[in-house]
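Each chain, letter by letter, is given below.
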Amino acid sequence: MLIFLAGLGLGLSLIVAIGAQNAFVLRQGVRREHVGVVVLVCAASDAVLYAAGGAGLGALVEQHPGLVEVARWAGAAVVLGYGALAARRAWRGGEELEAARDVARPDAGRRLRPVLLTALALTWLNPHVYLDTVVLQGSIAAGYGDDRWLFTAGAVVSSVLWFVGLGYGARFLAPLLRRPGAWRVVDGVIALIMLAVAASLLLG
């Protein structure tokens with residue numbers, strides 16, 4: 001149980017930091033737009049990556065830095081694109097009207113396909129994800145020997161708890177975001193987060 005809790009604690013410490021993926025999940029949660037799909041994609045992806053780390057693939061990633069380099073540039077492009085869209089929404093305004101409509105009719109916003117692709121891109125094209133889940137978590141899990149899968153299971157559960165809580169808990173912010181201009185602030189903050197993440201990727 002202590003090993004499981006250690007994995008749980010590490011997973012939460014790595015995932016709670018606000019980043020591109022969390023900002024996207026939060027926004028979808030507030031809008032109640034394909035939340036289940038987004039949560040499933042993010043949690044399942046983390047589970048796969050944690051399992052890969054537990055299986056020892058972290059060493060493989062370290063031996064092939066070119067893989068991380070490709071993900072770094074592709075991820076920066078995706079994050080910049082999403083950040084530009086958020087900045088445009090913040091500049092133009094009117095988002096609170098669409099959000100109010102989506103709260104009344106969940107999943108009535110954008111089609112599933114672009115939401116799904118964005119969730120996949122922000123997860124799998126982010127090299128920070130590989131460094132945290134595969135390399136760092138995998139290295140620590142290896143120190144537990146045969147019990148490394150208990151540690152990995154704790155990390156997987158932390159991801160599920162976080163994304164479910166973030167995605168479905170965000171809807172309680174909806175009443176606050178119905179105010180005129182509130183979504184402009186949210187999208188402005190999201191744009192800044194995306195810009196900071198992209199800069200960190202491009203600057204290595």
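Residues numbered from 1 in each chain as written. Predicted model: local features only at pLDDT ≥ 70, side-chain atom pairs only at ≥ 80, totals over all residues. Heavy atoms only, no water.

1. Here we look at the overall build of the chain
Convention followed: Every helix listed is a DSSP run of H or I at least four residues long, and every strand listed is a run of E at least two residues long, numbered separately from the N terminus. Exposure classes here rest on a 1.4 Å probe applied to the protein chains alone. A residue is buried below 20% of its type maximum, exposed above 50%, and partly exposed in between. Should any heavy atoms of two residues lie within 4.5 Å, those residues are counted as being in contact. Only the protein chains shown count as cover for residues, and the accessible areas themselves come from Shrake-Rupley with a 1.4 Å probe.
A count of helices and strands for the chain gives ten helices and zero strands. Tracing the chain from N to C terminus, the helices and strands come up as α-α-α-α-α-α-α-α-α-α. Looking at the chain as a whole, 44% of its 204 residues are labelled buried. Across the chain, every contact between residues at least 6 apart in sequence was considered, and the portion connecting residues at least 24 apart equals 87%. Just so you have it, the chain exposes about 10100 Å², and 71% of that area is on carbon and sulfur atoms.

2. Concerning a nonpolar patch on the surface
Spelled out, the test is: Patch construction takes residues with relative accessible area above 30% that form no salt bridge. Like charges are linked within 9 Å, and nonpolar side chains (Val, Leu, Ile, Met, Phe, Trp, Tyr) are linked within 5 Å. In the sections that follow, a salt bridge refers to a side-chain nitrogen of Lys or Arg positioned within 4 Å of a carboxyl oxygen of Asp or Glu.
Together, Trp 73, Leu 80, Leu 192, Leu 195 and Leu 202 make up a nonpolar patch on the protein surface, roughly 500 Å² of accessible area in all. Per element, the largest residue contribution to the nonpolar patch is three residues, and it comes from helix 10 (residues 182-202). Structurally, Leu 195 can be placed in helix 10.

3. Details of unusual backbone geometry
In the Ramachandran plot, Arg 32 falls in the positive-phi region, its phi being about 55° despite a non-glycine side chain. Given the relative accessible area of 23%, Arg 32 is considered partly exposed. Its identity is not glycine, yet His 34 carries a phi of approximately 55°, on the positive side. Take His 34: it is sitting in the loop between helix 2 (20-31) and helix 3 (35-54).

4. Looking at the nonpolar core
We apply this condition: For the purposes of this section, nonpolar cores are sets of buried Ala, Val, Leu, Ile, Met, Phe, Trp, Tyr and Cys residues that join through side-chain atoms within 4.5 Å.
In terms of nonpolar packing, the biggest core is built from 23 residues, with Phe 24, Val 25, Val 38, Val 79, Phe 163, Ile 190 and Met 194 touching the most fellow members. Listed by contribution, the elements that provide at least two residues to this core are helix 2, helix 3, helix 5 (65-92), helix 7 (112-124), helix 9 (148-169) and helix 10. With six residues, helix 3 is the single largest residue contributor to this core. Met 194 has contacts with Ala 20, Ala 23, Val 79, Tyr 82 and Gly 83, leaving out every residue within four places of it along the chain.

5. Concerning the pattern of salt bridges
Pairing is possible between side chains of opposite charge, provided their charged atoms come close. On inspection of all chains with the given rule, the structure shows one salt bridge. Arg 31 is the salt-bridge partner of Glu 33, the closest N and O atoms lying 3.5 Å from each other. Per residue, the accessibility class of Glu 33 equals that of Arg 31, and both read buried.

6. As for helix 7
To keep things clear, this is the line we draw: In a helix, the anticipated span is given by 1.5 Å times the number of residues less one.
Between its terminal C-alpha atoms helix 7 stretches 18 Å, which fits the 18 Å expected from 13 residues at 1.5 Å a residue. Residues of helix 7 that are buried: Val 115, Thr 118, Ala 119, Ala 121, Leu 122 and Thr 123.

7. Here we look at the environment of Leu 136
By the element assignment, Leu 136 lies in helix 8 (residues 127-142). In this structure Leu 136 comes out as partly exposed when scored by relative accessible area, which is 35%. Distance from Leu 136 to Leu 10, taken between C-alpha atoms, is 9.8 Å for residues 126 residues apart in sequence.

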